[in-house]
Each structure stands twice: as structure tokens, then as C-alpha cells.
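Listed here are the chains, written in short residue letters.
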Amino acid sequence: SGKGCSTVDGGLDTRPLHISISAPSPEALELGRTLAESLVKAVRDDFEKRGPKPPPGLPPPALAAANGAGPAVPSSTDEAARRP
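A brief look at the structure comes next. (Residues numbered from 1 in each chain as written. Predicted model: local features only at pLDDT ≥ 70, side-chain atom pairs only at ≥ 80, totals over all residues. Heavy atoms only, no water.)

For the rest of this paragraph, the subject is the overall build of the protein. Within the protein one finds three helices and zero strands. For the protein, the sequential pattern of α-helices and β-strands runs α-α-α. Burial analysis of the protein (84 residues in total) assigns 5% to the buried set. For the protein, restricting intrachain contacts to residue pairs at least 6 apart in sequence, the fraction spanning at least 24 positions comes to 0%. (Helix = DSSP H or I, 4+ residues; strand = E, 2+ residues; numbered from the N terminus. Buried < 20%, exposed > 50% of the residue type's maximum accessible area, 1.4 Å probe, protein only. Contact = heavy atoms within 4.5 Å.)

This is the structure in C-alpha cells:
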């Protein structure tokens, strides 16, 4: 839960994002902590590979192209026109 997550009353949680873990033993708790850290690292690595998000209000380039708003990637003629 945390920032961006809904609350039971329909609002948005403004606390920092966090994961709650409970376990029947200290060993199981440590395993849960290790697994959670691994998951967070995998998600962060995947996010960093994908690059930054477009600004709010702008669709991703592939979606814009599918809706006729332009090419998903610059064409070779676009690149040639920018050369000095």
C-alpha cells in the first residue's frame, strides 16, 4: 500500500509506498523480506530499462501512432530533415 493505492473508503493513500510482511517465525519473515526485496529490485530494473514515461496527458508514442497522431518512431525522412 502507499502512494497511488486506493484506500478502503475510495480515496488515495498518500503515504510512501510500502509492503507489509507477516510470518509465523523469524526465519519465514526473513525469507519473506528477501523475496520482497528481490521483487522490488526486479520491478525497478524493468522500469529503468523501459525509460522515462511521457508527460501526463500525452499518450505513449505507439498509442498515438495507432490513433493516427503520427509515427511511433521518427522515419528516416524525419531524421534526414533534421540534419544540417
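So, on to the environment of Thr 14. Note that Thr 14 resides in the segment before helix H1 (26-50). Expressed as a C-alpha distance, the spacing of Thr 14 and Ser 1, which sit 13 residues apart in the sequence, is 9.4 Å.

The next subject is the pattern of salt bridges. Enumeration according to the criterion identifies five salt bridges in this entry. Close ionic contact of Arg 33 with Glu 30 constitutes a salt bridge, the shortest N to O distance being 3.1 Å. Residue Arg 33 and its partner Glu 30 are both found in helix H1; the two are separated by three residues, about one turn of the helix. Assessed through its relative accessible area of 39%, Arg 33 is described here as partly exposed. Note that Arg 33 is salt-bridged to Glu 37, the shortest N-O span being 2.5 Å. Note that Arg 33 and Glu 37 are positioned in helix H1 at a spacing of four residues, about one turn of the helix. A single salt-bridge network, built from bridges that share partners, covers Glu 30, Arg 33 and Glu 37. (Salt bridge = Lys/Arg side-chain N within 4 Å of Asp/Glu carboxyl O.)

Let us now look at H1. Its 25 residues give H1 an end-to-end C-alpha distance of 36 Å, which sits within 8% of 36 Å, the value for a rise of 1.5 Å per residue. Where H1 ends, the next residue or the one after it, Gly 51, has phi of about 85 degrees, a positive value. (Expected span 1.5 Å × (residues − 1).)

In short, the description is geometric, and any link to function would need to be established separately.
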